[in-house]
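Summary of structural features
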Amino acid sequence: LALIVKLLQRNIKIFVFIHGVEAWTPSFRVRLFKSFVTSFLSVSRFTKQRFQAIYNCSVELVPNVYSFKSTLDTVTNDLYPNSELKILFVARLDQSEAYKGFEESLYALSRIPVEHYSFRAVLHGNGVAEAKNLASRLKVNCTFHSSITDSELMRLYCDSNIFLMPSRGEGFGLVFLEAIANG
């Protein structure tokens, strides 16, 4: 789309925010349209460095902005009935993103008696079915959510005692900001 817009309106400026694993993987499309982009922008030094190494172009680092409007007044206990430890994991699960630590989280939780915790996972991507199978095999007490609204997600954050994401390679995980913003 940027290419078409630039061809139709040569004076237009095109800014592209780069974020996540898509920015770290070489792509023919990016190589094709990068000369039409006025500036690439990133909220993460890690993503900036990876992108620059792949495409040999400049990337501006910009501060990340997140609304810290609290939703703590919506906290209830009905999402995690009869459990002491309420754990939440939020991520996209694709084969290229095993570094997020979901599998390790399941193995760790499998060592805790199920009556002591409730684990909720908000997941999307092509690795969800495999994650569900692993949770079942390990007998981890886990409820999976795949398509929920922003307000439902914020409620899950608020109702949790622990946000769990032992990531080994986040450039800048927005889920960490969401967890902080929601208590």
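In this report, we go over the structure that sits alongside the text. This is a predicted model, so every value here is computed, not measured.

1. Some remarks on the side chain of lysine 100
Residue placement: lysine 100 occurs in the loop between β4 (85-92) and α5 (102-109). Excluding its chain neighbours within four sequence positions, the residues that come into contact with lysine 100 are Phe89, Ala91, Arg92, Met165, Pro166, Ser167 and Glu170.

2. Examining the pairing of strand β2 (residues 39-42)
Neither face of β2 is open: one carries Ser39 and Leu41, the other Phe40 and Ser42, and all of them are buried. Sheet analysis places strand β1 (residues 15-17) next to β2, joined by 3 bridges and oriented parallel. Within the sheet, the bridge partner assigned to phenylalanine 15 lies in β2 and is serine 39. Here β2 pairs with strand β3 (residues 59-61) via 3 bridges, running parallel. Residue pairing for β3: phenylalanine 40 is matched across the bridge by valine 59. Handedness of the crossover is the feature at issue here: the chain leaves β2, passes through helix α4 (residues 45-55), returns alongside β3, and the resulting connection is right-handed.

3. A short note on the packing of helix α7 (residues 150-159) against helix α8 (residues 174-181)
For any two helices packed against each other, one specifies the inter-axial angle together with the distance between the axes. Relative to each other, α7 and α8 sit at 65°, their axes nearing to 8 Å. In the crossing of α7 with α8, the sense of the turn from one axis to the other is right-handed. Between α7 and α8, the residues in contact are Leu153, Met154 and Tyr157 and Val175, Glu178 and Ala179, respectively. Looking at the contact of α7 with α8 residue by residue, the classes come out as 5 nonpolar, no polar and 1 charged.

The rules behind these values
- Residues numbered from 1 in each chain as written.
- Predicted model: local features only at pLDDT ≥ 70, side-chain atom pairs only at ≥ 80, totals over all residues.
- Heavy atoms only, no water.
- Helix = DSSP H or I, 4+ residues; strand = E, 2+ residues; numbered from the N terminus.
- Contact = heavy atoms within 4.5 Å.
- Buried < 20%, exposed > 50% of the residue type's maximum accessible area, 1.4 Å probe, protein only.
- Pairing = 2+ DSSP bridges.
- Right-handed = clockwise from strand over helix to strand, strands pointing away.
- Axes fitted to C-alpha atoms, helices over the stretch in contact; angles between N-to-C directions.
- Left-handed = near helix turned anticlockwise from the far one by under 90°.
- Nonpolar A, V, L, I, M, F, W, Y, C, P; charged D, E, K, R; others polar.

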